Amino acid sequence: MKVSNVSNLVRQYFTAYETKNKKTLDVLLSENFQFNSPVDDHINKKAYLQRCWPSSKHIQAYDIQNLLADGNEAVIRYECWLKSGTSYRNMEYFKIVGDKIEEIDVYFGYDLRKEFFSSAEGGNDG
């Protein structure tokens, strides 16, 4: 697959979340789709749509900072802006087969800032 097609599929995936278009997302994901994250171990398409899609209601926009594609794979780094005004950053790996997304691996952590600062100051929150 051309690199531009891989990049376009990845961008369409994020646009589906921004526009709350579940039908587009469903079409983009292959029937053999697998999703992995620190809290999800190889869940299938049905489980992914049940578990992950509902979060779309909180998403305002994605700021794609890097999108690197090679062959049928892509890695993306982005900042996601929520309707609440807060944001978070993630990196994701995409594997494309044909014209469908076959696999996504998400790499994220959790916010250590509050824990770090409260323990560094002897347990104070402030």
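Report follows, based on the coordinates. Think of each chain on its own: its residues are numbered from 1, step by step along the sequence as written. A pLDDT threshold of at least 70 governs which residues receive local features in this predicted model, and a stricter bar of 80 or more applies before side-chain atom pairs are shown or counted, although totals over entire chains, interfaces and linings include all residues. Excluded from the side-chain calculation are hydrogens and water; included are all heavy atoms of the structure.

## With respect to the pattern of salt bridges
Close approach of charged atoms allows side chains of opposite charge to pair. Here a salt bridge means any side-chain nitrogen of Lys or Arg lying within 4 Å of a carboxyl oxygen belonging to Asp or Glu. Inspection of the entire model under this criterion finds three salt bridges. For the salt bridge of lysine 45 with aspartate 26, the shortest nitrogen-to-oxygen distance reads 3.1 Å. Here aspartate 26 lies in helix α2 (residues 22–28) and lysine 45 lies in helix α3 (residues 45–51), a separation of 19 residues in the sequence. Assessed through its relative accessible area of 7%, lysine 45 is described here as buried. Salt-bridge contacts for glutamate 31 lead to lysine 45; the nearest nitrogen and oxygen are separated by 2.9 Å. Of this pair, glutamate 31 sits in strand β1 (residues 29–37) while lysine 45 is found in helix α3, placing the two residues 14 residues apart along the sequence. Categorising residues by exposure relies on relative accessible area from a 1.4 Å probe, with only protein chains included: less than 20% of the type maximum marks a residue as buried, more than 50% marks it as exposed, and the intermediate range marks it as partly exposed. Overall, the relative accessible area of 68% leaves glutamate 31 in the exposed class. Through salt bridges with shared partners, a single network forms among Asp26, Glu31 and Lys45. Counting from the N terminus, the helices are the DSSP runs of H or I reaching at least four residues and the strands are the DSSP runs of E reaching at least two.

## What about the sheet that holds strand β4 (residues 73–82)?
The strands making up a sheet associate through hydrogen bonds between their backbones, and the pairing can be parallel or antiparallel. At least two DSSP bridges between two strands are needed for those strands to be called paired. Taken in spatial order, the six strands of this open sheet run β2-β1-β6-β5-β4-β3, and their pairing is mixed. On the outer flanks of this sheet lie β2 (40–44) and β3 (59–70), each paired with one strand and no other. Neighbouring strand axes in the sheet, compared pairwise and without regard to direction, differ in orientation by 20° on average. Direction of pairing for β1 relative to β2: antiparallel, over a ladder of three bridges. Each bridged residue has a counterpart across the sheet, and for phenylalanine 35 the counterpart in β2 is isoleucine 43. Interaxial angle, 0 to 180 degrees, is taken between N-to-C directions of lines fitted to C-alpha atoms, where a helix line uses only the stretch in contact.

## Thoughts on the environment of glutamate 79
Tracing the backbone through its elements, the reader meets glutamate 79 in strand β4. By definition, residues are in contact when any of their heavy atoms lie within 4.5 Å. When sequence neighbours within four positions are dropped, the list of residues in contact with glutamate 79 reads Ala61, Tyr62, Asp63, Gln65, Ser87, Tyr88 and Arg89. At 2.6 Å, the side chain of glutamate 79 forms a polar contact with the side chain of serine 87. Here a polar contact is recorded for every N or O atom pair within 3.5 Å, except that within protein the pair must consist of a potential hydrogen donor and a potential acceptor, and residues adjacent in sequence are included only if both atoms are side-chain atoms.

## Comments concerning unusual backbone geometry
The backbone phi angle of lysine 20 is positive, close to 60°, even though this residue is not glycine. Relative to the helices and strands, lysine 20 is located in the loop between α1 (3–19) and α2. Under the relative-accessibility criterion, lysine 20 is labelled partly exposed at 31%. Backbone geometry at histidine 42 places phi at a positive 55°, although glycine is not the residue there. Note on placement: histidine 42 falls in strand β2.

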